[in-house]
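# Survey of secondary and tertiary structure
Here is what each chain is made of, one letter per residue.
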Amino acid sequence: MRYSPESLKAFVEAAASGSFSAAARRLGKSQSTISIAIANLETDIGCPLFDRSGRQPQLNEAGRQVLVQVEAILAASEQLDALAQRLAANIEPLLSLVMTDIYSVVFHGEVMASFAERFPHTELRCGPAEGADVIDMIQKGQVHMGILAAQSQYPADVATARLPDNAQFSLYVHRDHPLARLTSPRRQDLENERQLLIRTYAPGSQPSHGQVWSAPDYLTLMEFAERGFGWAELPRALVQRFGKQLQELSVTGYPRGVEIDVAWSRRTALGPAGQWLLEQLQVRREGQRNPVRKT
């Protein structure tokens, strides 16, 4: 670029402040330095940019046209500087995250607000997934992190940490379903009706037998139950928020608690944005922290 950055900045400041002396004060330069910088820019452009006939210099028509371009150049320069800082810090341009419907209901809005402020140029890509699908996507490198209902065991290449949040599950049917008329449905009563359950896409899922409908997410199961297609084990928080037509069944063993884990790949290290988000997810609302559990 043949135009010096100093001349461009001096020109913009002079145009904004209305005088060379004011521009000098704002830039911490002498007035003569500002005058010379603007004169050099006018020489490079090939015409005057200010009308100097009055007490204070005023932008002329050429100056107003040039100002638009110079402001765009300086804005692009600032973006380039920001990019250089991000590259030097190895901040990832994209952080992908999938999470269970259990967690999405209580997902920390304040954490996301802080993420947006701290990593304004990192795209955060979120999506729904459950159980084995979360693990499968992490292993295939399709996502960086996943939040899922705690599993009894994990593959060796997947690291996990227990989150402070947990979910309460119960059994639900549409309020007009035959099971809703029973005070305390027995296991046999449930077996006589269609069950709605989670079935992921990940390889290895076993087909179900009997009266079963399945879906890969809890929101779809809840929609099935809302339409009276059967009974389902659902997160109570999800039902309380969206399940207006559902009735909770009084069944032994329910409600039951489910712990929640965050998982990521051991094969690929998380970048600064991923590490920061991982730490924030493990912070309790009252400020306590759960230790990372490497499984």
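Structure report, in brief.

Rules of the game
- Residues numbered from 1 in each chain as written.
- Predicted model: local features only at pLDDT ≥ 70, side-chain atom pairs only at ≥ 80, totals over all residues.
- Heavy atoms only, no water.
- Helix = DSSP H or I, 4+ residues; strand = E, 2+ residues; numbered from the N terminus.
- Rg over C-alpha atoms; globule rule 2.2 N^0.38 Å.
- Buried < 20%, exposed > 50% of the residue type's maximum accessible area, 1.4 Å probe, protein only.
- Contact = heavy atoms within 4.5 Å.
- Axes fitted to C-alpha atoms, helices over the stretch in contact; angles between N-to-C directions.
- Parallel < 35°, antiparallel > 145°, perpendicular 65-115°, else oblique.
- Left-handed = near helix turned anticlockwise from the far one by under 90°.
- Patch = residues over 30% accessible without salt bridge, like charges linked within 9 Å, V, L, I, M, F, W, Y side chains within 5 Å.
- Areas by Shrake-Rupley, 256 points an atom, 1.4 Å probe, with all protein chains shown as cover.
- Salt bridge = Lys/Arg side-chain N within 4 Å of Asp/Glu carboxyl O.
- Lys, Arg positive; Asp, Glu negative; His and termini not counted.
- Polar contact = N/O pair within 3.5 Å; in protein donor to acceptor, adjacent residues only side chain to side chain.
- Expected span 1.5 Å × (residues − 1).
- 1 Å grid on protein atoms, 1.4 Å probe; cavity = no way out; pocket = protein on both sides within 12 Å on 5 of 7 lines; lining within 4 Å.
- Points joined across faces, edges and corners; volume = space filled by probe spheres on them.
- Nonpolar A, V, L, I, M, F, W, Y, C, P; charged D, E, K, R; others polar.
- Pairing = 2+ DSSP bridges.

### Notes on the overall build of the protein
Of the regular secondary structure elements, the protein holds 11 helices and 11 strands. In terms of C-alpha radius of gyration, the protein reaches 30 Å, well past the compact-globule figure of 19 Å for 295 residues. For the C-alpha atoms alone, the extent of the protein along its principal axes is close to 95 × 45 × 35 Å. Across the 295 residues that make up the protein, the buried fraction comes to 41%. Once local pairs closer than 6 in sequence are excluded, the contacts in the protein between residues at least 24 apart make up 67%.

### Observations concerning the packing of helix α1 (residues 5-17) against helix α2 (residues 20-27)
The contact between α1 and α2 brings their axes to 8 Å, and the two run at 120°. Classed by the angle they form, the pair α1 and α2 counts as oblique. By crossing handedness, the relation of α1 to α2 is classed as right-handed. Counting all contacts with α1, which are made through K9, A10, E13, A14, A16 and S17, the residues of α2 involved are F20, A22, A23, R26 and L27.

### Re a nonpolar patch on the surface
There is a patch of nonpolar side chains on the surface, built from L80, L83 and L87 and spanning about 290 Å² of accessible area. Assignment of secondary structure puts L80 in helix α4 (residues 61-88). With relative accessibility at 55%, the residue L80 sits in the exposed group.

### Observations regarding the side chain of E130
Locating E130 in the fold gives a position in the loop between β4 (123-128) and α7 (131-139). Of the buried charged residues, E130 lacks a salt bridge, with R256 as the closest side chain of opposite charge at 10 Å. Discounting chain neighbours no more than four positions away, the residues touching E130 are T100, D101, I198, T200, P216, D217 and Y218.

### Topic: the side chain of D157
Following the sequence through the fold, D157 ends up in the loop between β5 (145-149) and β6 (158-174). Taking relative accessible area as the criterion, D157 reaches 14% and is therefore assigned buried. Within the structure, D157 has its side chain in polar contact with the side chain of R267 (distance 3.2 Å). Residues in contact with D157, not counting those within four places in the same chain, are Q139, W264, S265, R266 and R267.

### Focus on α1
A rise of 1.5 Å per residue sets the reference length of α1, with its 13 residues, at 18 Å; its end C-alpha atoms lie 18 Å apart and thus fit the reference within 8%. Turning to α1, its buried residues are S7, L8, A10, F11, V12, E13 and A14.

### Overview of the layout of surface pockets
If a probe the size of a water molecule is rolled over the atoms, the empty space left behind becomes visible. Looking at the largest pocket, its volume works out to about 210 Å³. For the largest pocket, the lining is made up of 15 residues, of which G131, A149, Q151, I198 and Y218 are closest to its centre. When the residues that make up the lining of the largest pocket are grouped by side-chain class, the tally is eight nonpolar, three polar and four charged.

### Overview of the pairing of β6
Burial analysis of β6 places 15 of its 17 residues in the buried class, which makes it a mostly covered element. Note that β6 and strand β11 (residues 256-265) share nine bridges and pair antiparallel. Across the sheet, A159 pairs through a bridge with W264, a residue of β11. Alignment of β6 against strand β9 (residues 231-235), held across four bridges, turns out to be antiparallel. Residue pairing across strands places S170 opposite L234, the latter belonging to β9. In this sheet, strand β10 (residues 246-248) lies alongside β6 in antiparallel orientation, the contact comprising three bridges. Residue pairing across strands places V173 opposite Q247, the latter belonging to β10.

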